[in-house]
Amino acid sequence: MKKFQSTKLFDNYSIAIRQWRAQHSHCQLLHGYALKFKVWFESNTPEDENMGLDDMNWIVDYGGFKDAPVGNGLKSWMDDMWDHTTLIEKDDPYLDFFESAAMEGLCKLTIMDKLGAESCAKTVYDHFNDVLSKTDGGRCKVVKVECFENDKNSSIYYED
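The paragraphs below set out a description of the structure included in this document. (Residues numbered from 1 in each chain as written. Predicted model: local features only at pLDDT ≥ 70, side-chain atom pairs only at ≥ 80, totals over all residues. Heavy atoms only, no water.)

## Digging into the overall build of the protein chain
Applied cut-off: In this description a helix means any DSSP run of H or I spanning at least four residues, a strand means any run of E spanning at least two, and both kinds are numbered starting from the N terminus. Each residue gets one of three labels from its accessible area relative to the maximum for its type: buried under 20%, exposed over 50%, partly exposed in between, using a 1.4 Å probe on protein chains only. The contact criterion used is simple: two residues touch if any of their non-hydrogen atoms lie within 4.5 Å. Under the convention used here, a 1.4 Å probe and the Shrake-Rupley method define accessible areas, while residue burial counts only the protein chains that appear. The sign given to each residue is positive for Lys and Arg and negative for Asp and Glu; His and the chain ends receive no count. Where a charge lies is defined by one atom per residue type: Lys uses NZ, Arg uses CZ, Asp uses CG and Glu uses CD.
A count of helical and extended segments in the protein chain gives 3 helices and 6 strands. Moving toward the C terminus, one meets the helices and strands of the protein chain in the order β-β-α-β-α-β-α-β-β. Each principal axis of the C-alpha atoms in the protein chain carries an extent, and together these give about 55 × 35 × 25 Å. Going through the 160 residues of the protein chain one by one, you find that 44% of them count as buried. Pairs at least 24 residues apart make up 65% of the contacts formed inside the protein chain by residues separated by at least 6 positions. With the model as given, the accessible surface of the protein chain reaches about 9,400 Å², and the carbon-plus-sulfur share is 50%. Each charge class in the protein chain can be summarised by its mean position, and for the 18 positive and 28 negative side chains these summaries are 4 Å apart.

## Considerations on the packing of helix α1 (residues 74-82) against helix α3 (residues 117-134)
Helix packing geometry: the angle between the two helix axes and the distance between the axes. Basically, it comes down to this: Simply put, an axis is a line fit to the C-alpha atoms, just over the touching stretch for a helix, and the angle between two N-to-C directions goes from 0 to 180 degrees. For classification purposes, an angle smaller than 35 degrees is called roughly parallel, one larger than 145 roughly antiparallel, one from 65 to 115 roughly perpendicular, and anything else oblique. Crossing handedness: left-handed means the near helix sits turned counterclockwise from the far one by under a right angle, and right-handed means the same turn made clockwise. For this scheme, ten residues count as nonpolar: Ala, Val, Leu, Ile, Met, Phe, Trp, Tyr, Cys and Pro. Four count as charged, namely Asp, Glu, Lys and Arg, and the remainder, Gly too, count as polar.
Their axes nearest at 11 Å, the elements α1 and α3 cross at an angle of 150°. By the criterion of interaxial angle, the relationship of α1 to α3 is roughly antiparallel. The element α1 and its partner α3 pack so that their crossing is right-handed. Along its contact with α1, which presents L74, W77, M78, M81 and W82, the element α3 presents C120, T123, V124, H127, F128, V131 and L132. Of the residues assigned to the contact of α1 with α3, the class counts are 10 nonpolar, 2 polar and no charged.

## A few points about empty space enclosed by the protein
The following threshold applies: Whether a set of points on the 1 Å grid over the protein atoms alone is a cavity depends on a 1.4 Å probe fitting there but being unable to get out, while an open set qualifies as a pocket with protein on both sides within 12 Å along at least five of seven lines; lining residues are those with an atom within 4 Å of a point. Grid points are joined across faces, edges and corners, and a volume is the space filled by probe spheres set on the points.
Per the stated rule, a full pass over the model turns up 1 cavity of 30 Å³ or more. Of the volumes computed, that of the largest cavity is approximately 30 Å³. Contributions of two or more residues to the lining of the largest cavity are made by β1 (5-17), β2 (31-43) and α3.

Below, the structure written as structure tokens:
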């Protein structure tokens, strides 16, 4: 089957993270990353006469990530979710401490079910596909997300 894919890189997200289960390594300590996400898009209709491209011959309109009424708000969601955020797992033994710090204005806290680059990639994958299924007639979808902790380490989420 012939089809097009396009990608978008979302980067410069400064986060603090603590992997409390990593008792064997320094990752149990609060530490930082500059996350970036590479998102792959495909059309939901690759077999049509335009091979899934829209009227402008695009899979996805990158400008469409802006806030409504111009776009679908995905860029703002990414900024809110990841930029200068402290990521903590919901069962971290010090969750109360981090919630208190957030209430005092010392951090912007995001509590996650699971934590790690793998889970961050899946979070972006799921949210983007939810939003895209409700916008632009559900014409395109995310097929893969890669989350980079740094230039040497990344994790990818996709579904077969």
